[in-house]
Amino acid sequence: MWVAYLSDKVWNDLSKYFDYKMSSAALHIFIKSNRANILEILGLYKKEEPKKHVHDLSSDNIMSSSSYNTSDDNDDKLPIKKLVMTLSPEEWETIKPKNIVYKFNKSVRTYMTLPKGEWSHIIAEHFWELTHLQCCLTFKRAKVYPEGQFYVLIFGRCKICKSNFKGVIHHEPSSNSRVLIDCSYVGNFNIPHDTPKKRRMTTGIKKKIINDLINIGKSSEYFREEEALRLMKKE
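A brief structural summary. Predicted model only: the values in this text are computed from it and were never measured.

Structural notes on the packing of aromatic side chains
Counted according to the given criterion, the structure contains 5 aromatic pairs. With 5.9 Å between their ring centres and 90° between their planes, F127 and F165 make a pair best called edge-to-face. A residue pair is termed long-range when its members are at least 10 positions apart, and F127 in helix α6 (residues 120–131) and F165 in strand β6 (residues 164–169) qualify at 38 residues. Here the two residues F127 and F165 agree in accessibility, since each one is buried. Relative to F189, the ring of Y185 lies with its centre 5.4 Å away and its plane at 25°, an arrangement referred to as stacked. By the burial criterion, Y185 is buried, and F189 matches it. Among the aromatic residues, those joined into a ring-pair cluster are W119, F127, F139, F165, Y185 and F189. Residue placement shows R141 over the ring face of F155; its charged tip is 4.7 Å from the ring centre.

Focus: a nonpolar patch on the surface
Among the surface-exposed residues, I210, L213 and I214 lie close enough to one another that they form a single nonpolar patch of about 290 Å² accessible area. With respect to the secondary-structure elements, L213 resides in helix α7 (residues 203–216).

Here's the deal with the packing of helix α1 (residues 10–17) against helix α2 (residues 24–32)
The angle between the axes and the distance between the axes are what describe a pair of packed helices. Where α1 contacts α2, the two axes come as close as 8 Å, and the packing angle between them is 105°. Relative to α2, the element α1 lies roughly perpendicular. Of α2, the residues touching α1 (which contributes W11, N12, L14 and S15) are S24, L27, H28 and I31.

Topic: the side chain of T113
Within the secondary structure, T113 is located in strand β3 (residues 107–113). Among the residues examined, T113 registers a relative accessible area of 19% and is labelled buried. In contact with T113, other than residues within four places in its own chain, are P97, K98, I100, A142 and V144.

Conventions used here
Residues numbered from 1 in each chain as written. Predicted model: local features only at pLDDT ≥ 70, side-chain atom pairs only at ≥ 80, totals over all residues. Heavy atoms only, no water. Phe/Tyr/Trp six-rings, centres within 6.5 Å; stacked < 30°, edge-to-face > 60°. Helix = DSSP H or I, 4+ residues; strand = E, 2+ residues; numbered from the N terminus. Buried < 20%, exposed > 50% of the residue type's maximum accessible area, 1.4 Å probe, protein only. Lys NZ or Arg CZ within 6 Å of the ring centre and 35° of its normal. Patch = residues over 30% accessible without salt bridge, like charges linked within 9 Å, V, L, I, M, F, W, Y side chains within 5 Å. Areas by Shrake-Rupley, 256 points an atom, 1.4 Å probe, with all protein chains shown as cover. Salt bridge = Lys/Arg side-chain N within 4 Å of Asp/Glu carboxyl O. Axes fitted to C-alpha atoms, helices over the stretch in contact; angles between N-to-C directions. Parallel < 35°, antiparallel > 145°, perpendicular 65-115°, else oblique. Contact = heavy atoms within 4.5 Å.

If you want it as structure tokens, here you go:
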């Protein structure tokens, strides 16, 4: 079942309705994870008894393999870009996974994730440098698996053309080393992006700008001009 993204205002409305006893983020996780069978209680999901399989071999119900496509089959027909991003040791030090403690009622759970607001703009910048596409990526999540087949999985999507981004760090990097991210980008990313989307200013970018404004005395106008020149040179 599809559940609205955390950025949707419905979660803030729900939190307000419950007098902010639960944050919007906690409500999103609670419902999306179907904690305490909340979806069934709300009537949004109903368990169905497994149906008995009845094989109908009539000609109308025989589907040839050539006419049947799964979502993976459809992805195979879309344009794809294979990329390898290289993060510097300093960049990795900024975005490397951290332990997060999540508390809900009396239970406590610890998990690892990339630091919030510190990593997405770095990945987006490397993506643009490698592709120069008009796509405006929104990153859904970055999962960390200390003992898994992959160490980090990053998922994102273009707001306009709906192309899907996936980045993989296969092993935990050693200290003071460059980090390689194997990336794939699948979708109709070559179509015109007629609807302009502004690049989101994450926490890391805001910190840098504020530091330049306060400590270096750089004006906001000069920052915009400098950023525009930087991007034009890379093109």
